[in-house]
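Listed below are the residues making up each chain.
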Amino acid sequence: MGYLWVGTEDGLHRFNGYEFKSYISNPNDSTTISDDHIRGLVTINDTLWVATNSKGIQGYQRSENKFFSLFSNSNTPDLNNAYKVFELNNELLLFSVKNNFILFDRKLKTHEIIRLPNESIENKVEDIHVVNQNNVWLATKESGVLVLSLRDNTISPLPIFNSKSVSCFIDSKDVIYIGSEQGVEVYNKTLGTLNKTTIETGVDGFYKINDFEYYVNSENGILKYNSITDRFKSVVFQNLKENKQYTSVSFTQVLGDNKGNIWFGTQGEGLLHHNRFQNKFESFRVELPELYENQRISVFPIQKENDSTLWLGTYAGTVKYNLKTQESLLYDTGKGDITYDFFKDEYGTLWVGSITAGLMKYDAVNDTFKQWLHEDSETSLKDNEVLKIIPISKDKLWICTWSGGINEFDIITETFKPVLLDGLQIDRARSAIIDSKNHIWLGTDNGLYEIESNNILNHYTDNKNDSLRITNNRVFAISEDEQGHIWVGTSSGLTHINTETQKSDLYFKQKEFLNDFVYGLIIDSNNRVWMSTNFGLSVFNPEDKTFKNYTKEDGLQDNEFNGKSFFKDNNDLLYFGGINGFNIINPNQVVDNPYVPDVYLESVELFNQPIERNEMFKDTLQFKSAENVLTFNFSAINYLNPNKCSYQYKLENFDEDWSPVTKKKNVTYTNLNPGRYTLKIKVSNDVGQWNSKFKTVQLIIIPPWYLDTWFKGLVIGLFLLSGIVYYKVKTSLLKRDKVKLAALVDSRTQDLIQKNIELNTSHSVMLEQKNNIEFLMKELNHRVKNNLQIISSLLNMQAKNVEEQEVKDVLNIAKNRILTISYIQNDLVSNDDAVNVGVFLKNFSKKIINLLSDQETQKFKLIFQLEPDCICDINTTLLGLILNELITNTYKYAFKTVSPNHILKISCTHSKEGLKITVADNGVGYSVYAIRTNTLGLDLVNTMVQQLDGTIKVSTNNGVENVIQLPC
């Protein structure tokens, strides 16, 4: 399964990459291990064989989670002192015990005890080498090398080997390496000869690294031996997290797997682990013992001088670093100040910008620096805090400062002058590039500037209202890719600017982007974006938009990097500096862990308490419905940076989709309904590569007894039975009541016939009364209409006989009002019914226009804008009178002459607020006081609108607009 089992003097322990699970002896529990002092371990199929110090050979069945003792050796005390377990073939095991060894046949469950020579001294089998199916070499503590014949289970000494104490073998094609108290000797299988090697100290074990390299566990620690050169060197072990080096350590065993993991067991220092994919990067430290003894030197800018020399900017000043000797030279000029920027011009001259030490130029002949500082002169540097040096031409540089803006430096005259961009002084410009279009991109604390010929083409900020923006105004790094697009690193993320579409993509902190404070940004030859941050290096792949992260555990100088500390040389090597030195990276040679781990369900908790059912070996788990708080603990077996593994899970028939990516190794479900579920778990390794194979566990939630099938069947049967009984009883009662009901029906029928005769008589009387009422209403309507016509005629005659125009107008208005009432009386039977207001307005307006045109020529064109569904329960008499007054006013006051451009527009709309009627003309307009606001016409309109619970708003700009709002 991939778990690491570790035997100690304090019990047996299982390691999953995160934590140890201990198996400790409990005398009151026969299923536990009998002795905590473990000397040897071998896993074969489902059984872990354990050699204990005082209880002999133990076995642990992992699927059953129980221990068992193979022999009862109370009569032979030596057999209780076990040392190691070896697998000889598919059938035989060899158990090493004191002065003996035991051959155990796993198929037949039989064993044979074979004594070792020199039994008066503690003798034991240290190692084995299977020569062929019939012969096995035994390395013994006191008897040298013995040959075990599996034909008759006899032993004999190997004549060619004279050493008394032999500890280990390792087979390598044509030779066998033999370790003993005298060192390492090599046995040639073909020649049958034995020769010494350069290792002459006591040896206790081998581990094969490859075909010609081996780790050798010696009295002097772990040696790395090269069989081709017959040379070895001591292996130094360091704890990168604790910055600790292990010295004078005694090792017990070296064990490896096929995924690059190697474990070194020690006496007193625990378990040391190494993975060949661990250190992906080469780290370098800067040491200045004359100033900062045993202190970490923080690295800022990096500039390559040649293959063996780098220029480094530190908080102590400018350092020349020799890559071969790893020695550092600190220069006096600017010493004690932070060197913040390097630039090499076309002449190969190195220019240096410093915080507080101004601008410096390197003199390669004299190996010194010339310095320019701020002086009281118009042609001097404006600020001593130099952040960035930008080449403008062969002889001119832009010197970007903290608070003195940009200074243009003339290399020939050695003078400075201020540079304004569109009249602005640009401060705090710490990063810049010149792109393929010869545009300068300038990163400041106030955003990103794109500059051409001293003019600002674009200014990008983090303003969310801008269509093209950056993640933050504090820009630390800028780079251009092969497509001419710009990448920007800020204090809050990464920005990609597509210079063709003028659109930007923003990337902030997320699960794959662990820290978005981007100090350095370099694009490698594969168009991947490398970023140094406050938590390691992040590599962004623009093709699939994924991030890959590297930390101190991968060989970085530290997790924290520095601003300005990034560089790419002509060989596509990347340089990043931080608080503990710098790294040199060849992106094409970074080998990530290619192995994806398996994930296992380690335990299940019920109500936050472990249930100890050995769930790891079960594919189906059952729980009662009341057991409704379930926590599933799982783990990936990934020993390389296990804290970087990510997980996703999904409970089918419950979860709609996979969970978000998480580092958590557990999930809790509550109140699952009875039924079947499938829990799926998947995992990625430390570099984000996901395993396509899921861990799958079937879950069965057993329903309560009242929801079980048998109970449901019983309930249904009882229900059907009760239905049948009820039907029988009900039928009997119905038959008995049927006779009573027939008699009652006959009696009631006679009563109904009599009542029907009486109702028919009443209906005839009511019908006759209705006809009489309708006749009277028609007569009344006719008489009212005739009387209104008579009144209108009298008013018309009177108007003709009156000479005063004002009186004549009053009589005509009165006549029109009477006729309006007459029209309404004629059109509607009842003004309480709901009417289509739009149709009413259109028909009635035309009648009023026809009435007015009898007196004078029509002066305007009538336009309607009426919604078709203005249905409303409204008093049409009042509405008609209002319409009459407003149209009459238009005739009288709006237009002095006849013109086709004169318009009277009547509109009607219906909304949630009610009915909106608009009567508007484009006439001369009027002043309210000019037409006498106390006249009866306007007063009538206001009064009638109020009676309809409405409002009227009059506007006299560009004609007159009357807006009436009525409830509907």
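Model, not experiment: these values are computed from the prediction. Each chain has its residues counted from 1, running along the sequence as written. In keeping with the model being predicted, local features are shown solely for residues with a pLDDT of at least 70 and side-chain atom pairs are shown and tallied solely at 80 or more, while totals for entire chains, interfaces and linings include all residues. Side-chain metrics in this entry use all non-hydrogen atoms of the structure; hydrogen atoms and water are not considered.

Now for the overall build of the protein chain. Within the protein chain, the secondary structure is distributed over five helices and 71 strands. The C-alpha atoms of the protein chain give 51 Å as radius of gyration, which overshoots the globular expectation for 968 residues (30 Å, by more than 25%). Whether a residue is buried, partly exposed or exposed follows from its accessible area with a 1.4 Å probe, protein chains only, as a fraction of its type maximum: under 20%, in between, or over 50%, in that order. Going through the 968 residues of the protein chain one by one, you find that 47% of them count as buried. Residue contacts are defined here by distance: any two heavy atoms, one from each residue, within 4.5 Å place the two residues in contact. Partitioning the contacts of the protein chain with sequence separation of at least 6, the portion at a separation of at least 24 is 49%. The Shrake-Rupley method, run with a 1.4 Å probe, gives the accessible areas here. Residue values count only the displayed protein chains as cover. In the form shown here, the protein chain has an accessible surface area of approximately 50,600 Å², with 48% of it arising from carbon and sulfur atoms. Positive and negative side-chain charges in the protein chain, numbering 99 and 118 respectively, have mean positions lying 8 Å apart. By the criteria applied, helices consist of DSSP H or I runs no shorter than four residues and strands consist of E runs no shorter than two, each listed in order from the N terminus. A radius of gyration in this sense is built from C-alpha atoms; the matching globule rule multiplies 2.2 Å by the number of residues raised to 0.38. For the purpose of charge, His is not counted, nor are the chain termini; Lys and Arg are scored as positive and Asp and Glu as negative. To locate a charge, take atom NZ for lysine, CZ for arginine, CG for aspartate or CD for glutamate.

Right, let's talk about the nonpolar core for a bit. In these notes, a set of buried Ala, Val, Leu, Ile, Met, Phe, Trp, Tyr and Cys residues joined through side-chain atoms within 4.5 Å is what counts as a nonpolar core. Formed by 34 residues in total, the largest nonpolar core has its most connected members in Val 837, Ile 887 and Ile 917. At the level of elements, helix H3 (837-852), helix H4 (876-894), strand E68 (903-911), strand E69 (914-921), helix H5 (936-947) and strand E71 (960-966) are the ones that each hand at least two residues to this core. Among the elements that line this core, the one with the most residues is H4, at nine residues. For Ile 887, the residues in contact, after removing those within four places along its chain, are Ser 845, Ile 848, Ile 849, Leu 852, Leu 904 and Ile 906. Formed by 25 residues, the second largest nonpolar core is a distinct cluster that contains Tyr 649, Val 667, Val 683 and Leu 699.

Oppositely charged side chains can form a pair if their charged atoms are brought close together. Throughout this description, the term salt bridge denotes a Lys or Arg side-chain nitrogen within 4 Å of a carboxyl oxygen of Asp or Glu. Applying the stated rule across the entire model yields 29 salt bridges. Notably, a salt bridge pairs Glu 408 with Lys 417, separated by 3.7 Å at the nearest N-O pair. Note that Lys 568 and Asp 572 form a salt bridge whose closest N and O atoms lie 3.7 Å from each other. When its relative accessible area of 30% is taken as the criterion, Asp 572 is described as partly exposed. Overlapping salt bridges, with partners in common, bring together Arg 428, Arg 430, Asp 445 and Arg 474 in one network.

As a further point, take a nonpolar patch on the surface. The grouping of Trp 705, Tyr 706, Leu 707, Trp 710, Leu 714 and Leu 718 at the surface amounts to a nonpolar patch, some 690 Å² of accessible area in total. Tracing the sequence through the fold places Leu 718 in helix H1 (residues 709-801). Patch members must show over 30% relative accessible area and no salt bridge, and they are joined within 9 Å when carrying like charges or within 5 Å when they are nonpolar side chains of Val, Leu, Ile, Met, Phe, Trp or Tyr.

This brings us to unusual backbone geometry. The phi torsion at Asn 65 lies on the positive side, around 55°, for a residue other than glycine. In this structure Asn 65 comes out as partly exposed when scored by relative accessible area, which is 29%. Backbone geometry places Asn 153, a non-glycine residue, at a positive phi of 55°. Mapped onto the elements, Asn 153 comes out in the loop between strand E14 (145-149) and strand E15 (154-157).

Domain start and stop positions are those given by an automatic or database domain assignment. Domain boundaries assigned for the protein chain yield domain 1 (1-115), domain 2 (282-585), domain 3 (604-706) and domain 4 (832-966). The interface of domain 1 with domain 3 comprises 14 residues on the first partner and 12 residues on the second. Once two parts are brought into contact, the accessible area they lose, counted with a 1.4 Å probe and summed over both, makes up the buried area. Summed over both sides, the interface of domain 1 with domain 3 buries roughly 1,200 Å², with 59% coming from carbon and sulfur. When the buried surface of domain 1 facing domain 3 is broken down by residue, Met 1, Asn 16 and Tyr 18 rank first, second and third, together holding 46% of it.

Let us look at the environment of Gly 270. If you trace the backbone, Gly 270 turns up in the loop between strand E27 (261-266) and strand E28 (271-275). Spatially, the C-alpha atoms of Gly 270 and Val 596 are 27 Å apart, while their sequence positions differ by 326 residues. Excluding residues within four positions of it along the chain, Gly 270 makes contact with Phe 264 and Gly 265.

Where burial is concerned, most of strand E10 (residues 100-105) is hidden: six out of the six residues are buried. With burial as the criterion, each face of E10 is covered, one bearing Asn 100, Ile 102 and Phe 104 and the other bearing Phe 101, Leu 103 and Asp 105. Between any two strands, at least two bridges found by DSSP are needed for them to pair. Relative to E10, strand E9 (residues 92-97) runs antiparallel, the two sharing six bridges. Looking across to E10, one finds that Leu 93 is bridged to Phe 104. The antiparallel hairpin formed by E9 and E10 contains two residues in its connecting segment, where Asn 99 sits at a positive phi of about 65°. Pairing between E10 and strand E11 (residues 110-115): six bridges, direction antiparallel. When the bridges of E11 are listed, Ile 102 appears paired with Ile 113. Count of turn residues in the E10/E11 antiparallel hairpin: four residues, of which Lys 109 carries a positive phi of about 60°.

Moving on to the sheet that holds strand E13 (residues 135-140). Spatially, the four strands line up as an open sheet ordered E12-E13-E14-E15, and their pairing is antiparallel. Edge positions in the sheet fall to strand E12 (125-130) and E15, since each has one partner strand and no second. Pairs of neighbouring strands in the sheet enclose a mean axial angle of 30°, with direction left out of account. Of the strand pairs in this sheet, E12 and E13 are connected by five bridges, and their pairing is antiparallel. Bridging across to E13, Asp 127 finds its partner in Ala 139. Here, axes are lines fitted to C-alpha atoms. For helices the fit covers the stretch in contact, and angles between N-to-C directions go from 0 to 180 degrees.

Moving on: the state of the cysteines. In what follows, a disulfide is any cysteine sulfur pair within 2.5 Å. Inspection of the entire model under this criterion finds one disulfide. One disulfide bridge connects Cys 872 with Cys 968, the sulfur atoms lying 2.3 Å from each other. One end of the pair, Cys 872, is in strand E67 (residues 871-873); the other, Cys 968, is in the segment after E71, with 96 residues separating them in the sequence. The partly exposed category is assigned to Cys 968, whose relative accessible area is 46%. The thiol of Cys 908 is not disulfide-bonded; the next cysteine sulfur, from Cys 870, is found 3.4 Å away. In this structure Cys 908 comes out as buried when scored by relative accessible area, which is 0%.

Quick look at the sheet that holds strand E2 (residues 11-15) now. Pairing within the open sheet is antiparallel, and its three strands lie in the order E1-E2-E3. Both outer strands of the open sheet, strand E1 (4-8) and strand E3 (20-23), are each paired with one neighbouring strand and no more. Taken over all neighbouring pairs, the strand axes of this sheet differ in orientation by 25° on average, direction set aside. Alignment of E2 against E3, held across four bridges, turns out to be antiparallel. Considered in E3, the bridge of Arg 14 is made with Lys 21.

A few words on the pairing of E2. Most of E2 is tucked away, with five of its five residues classed as buried. Going residue by residue along E2, you find Gly 11, His 13 and Phe 15 tucked away on one face and Leu 12 and Arg 14 tucked away on the opposite face as well. Where E1 folds back on E2, the antiparallel hairpin that results is connected by two residues. Taken together, E2 and the strand that follows it, E3, pair antiparallel across an intervening segment of four residues, in which Gly 17 is found at a positive phi of about 100°.

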